Structure formats: structure tokens, C-alpha cells
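Read off the chains here:
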Amino acid sequence: MSSTARAGADRGAKEWTFLTNHAHVLLAIAREPTVRLRDVADAVGITERAAQAIVADLEAAGYLRRERVGRRNEYTVNPAGHFRHPAEADRRIGDLLALFTDSRITG
């Protein structure tokens, strides 16, 4: 935890973040398409079951596709998908992915 976040927590401030768990899961998968959901859950700070539910949500909404390769899942992110909130519906999630990943994901 950063010193700024810790200072806010020490004052009794409610902790929150700008990105949802759905965004964190999508970013983890975009960074490593063959990542295990156990590792995604650990990185995001959620249970493996919650990570599975989020991946199912993202897959159903068309933000990613899951393919079985041997004993592992390999994920393909759809950067052309648009944000769901009306205030950002004109923007693609590829913009967010580009901001938080090392390489530009196009689509």
C-alpha cells in the first residue's frame, strides 16, 4: 500500500479504486493470455470462484474468448469492445488495455 493510501486508511477513509475487479481481471488476461485463473485471482485479490464468474461475464459480453489448448485455457481479448457505461460507451476497451499493458492490443 502506498503511503498516500495508507494515510487515507489511517484517517478512517473508505478504501476504493478507480478500476473494478472486471477491469483488473481483463487486464491480467490481456497481459498474459495463458494465465491461470488462480493467478489472476491472487493478483486481483479475489477468490478463484469470483475470477471464474468475472471471466464468464466478460466472455458472455464478448470482451474475451476462451480456447482450450492442451491442459490450459488461452484467452483472446477483443479490444474493439465498447465500455458498458453510457458515459464511456463511445470508447473501446482497447484504449484502457493500451494504457495499462506493455503492448498495444489492436482489433
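Preceding this paragraph is the structure being described.
What comes next concerns the included structure. (Residues numbered from 1 in each chain as written. Predicted model: local features only at pLDDT ≥ 70, side-chain atom pairs only at ≥ 80, totals over all residues. Heavy atoms only, no water.)

Comments concerning the nonpolar core
- Counting 22 residues, the largest nonpolar core has Val-25, Ile-29 and Val-40 as its most contacted members.
- Contributing elements (two or more residues each) for this core: helix 2 (21-31), helix 3 (37-44), helix 4 (48-60), strand 2 (72-77) and helix 5 (93-100).
- Top contributing element to this core by residue count: helix 2, with six residues.
- The residues touching Val-40, leaving out its near neighbours within four places in the chain, are Val-25, Ala-28, Ile-29 and Val-35. (Core = buried A, V, L, I, M, F, W, Y, C linked by side-chain atoms within 4.5 Å. Buried < 20%, exposed > 50% of the residue type's maximum accessible area, 1.4 Å probe, protein only. Helix = DSSP H or I, 4+ residues; strand = E, 2+ residues; numbered from the N terminus. Contact = heavy atoms within 4.5 Å.)

A short note on the packing of helix 2 against helix 5
- Between helix 2 and helix 5, the least distance of the axes is 10 Å, while the angle of their chain directions is 65°. Our classification of the angle between helix 2 and helix 5 gives roughly perpendicular. Note that helix 2 runs across helix 5; the crossing there is right-handed. Touching Ala-23, Leu-26, Leu-27, Ala-30 and Arg-31 of helix 2 are Ile-93, Leu-96, Leu-97 and Phe-100, all from helix 5. (Axes fitted to C-alpha atoms, helices over the stretch in contact; angles between N-to-C directions. Parallel < 35°, antiparallel > 145°, perpendicular 65-115°, else oblique. Left-handed = near helix turned anticlockwise from the far one by under 90°.)

Concerning the pairing of strand 2
- Of the strand pairs in this sheet, strand 1 (residues 64-69) and strand 2 are connected by six bridges, and their pairing is antiparallel. Across the sheet, Arg-65 pairs through a bridge with Thr-76, a residue of strand 2.
- A loop of two residues connects strand 1 with strand 2, the two strands running antiparallel in sequence, and Gly-70 in this loop sits at a positive phi of about 65°. (Pairing = 2+ DSSP bridges.)

Interpretation note: all reported values are geometric properties and have no functional meaning in isolation.
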